[in-house]
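Single-letter residue listing:
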Amino acid sequence: MKIGIVSDHRGYELKNKIIEVLKNEYEIIDYGTYNNESVDYPDYAFILGNKVVENEVDFGVAICGSGIGISIACNKVKGIRCAKVSNEEEAYYTRNDNDSNVVAFSAEVPLEDSIKIIKKFVETPFSNDERHIKRVNKIKEYEEK
């Protein structure tokens, strides 16, 4: 499984720690930023979103100071369903119910919790329940307008 990961400057250190922990379990592709100098998170959100849509990676992980800004930016990429989550339960539900393809969280989330969130996210399949399919399709149809 290929996971793309990005961060802004505030998430840079956590991103690097996550890569170090997960690199033996998953193929991790780091799309930046590559240092802790101030950057604009939308630039990295758009890169990640496009890599997910182009199927270069299976899932995306996005980290910024709050997780909110980068999640908003990711969702501007057509075909991305990014959820800002705070725990494993939310990571489970966004995959199971919404077929999300990018997960975002705050740079303040502890490393151990970040790893749990990512694993829960990428290892949870979409439910394929009719009600969830219908709702995801409504989002896709609206996006096409």
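Use the structure listed above.
Just so you know, these numbers come straight off a predicted model, no measurement behind them. (Residues numbered from 1 in each chain as written. Predicted model: local features only at pLDDT ≥ 70, side-chain atom pairs only at ≥ 80, totals over all residues. Heavy atoms only, no water.)

K.L.:
An account of the packing of helix α4 (residues 88-98) against helix α5 (residues 111-123) is requested, with residue identities and associated values reported.
P.N.:
Two numbers describe how α4 lies on α5: the axes approach to 8 Å, and their chain directions differ by 20 degrees. In terms of axis orientation, α4 runs roughly parallel to α5. In the crossing of α4 with α5, the sense of the turn from one axis to the other is right-handed. For the pair α4 and α5, contact is made by E88, A91, Y92, T94 and R95 and by K116, I117, K120 and F121, respectively. Here the contact of α4 with α5 is composed, by residue class, of 4 nonpolar, 1 polar and 4 charged. (Axes fitted to C-alpha atoms, helices over the stretch in contact; angles between N-to-C directions. Helix = DSSP H or I, 4+ residues; strand = E, 2+ residues; numbered from the N terminus. Parallel < 35°, antiparallel > 145°, perpendicular 65-115°, else oblique. Left-handed = near helix turned anticlockwise from the far one by under 90°. Contact = heavy atoms within 4.5 Å. Nonpolar A, V, L, I, M, F, W, Y, C, P; charged D, E, K, R; others polar.)

K.L.:
Go over unusual backbone geometry with me, naming the residues and quoting the values.
P.N.:
The step from G32 to T33 runs through a cis peptide bond, and the omega angle for that step is -5 degrees. Take T33: it is sitting in the loop between β2 (27-30) and α2 (41-53). Its identity is not glycine, yet D99 carries a phi of approximately 50 degrees, on the positive side. Relative to the assigned elements, D99 resides in the loop between α4 and β5 (102-106). With phi around 60 degrees, N128 is a residue other than glycine that occupies positive phi space. Note on placement: N128 falls in the loop between α5 and α6 (130-143). For N128, a relative accessible area of 52% corresponds to the exposed category. (Buried < 20%, exposed > 50% of the residue type's maximum accessible area, 1.4 Å probe, protein only.)

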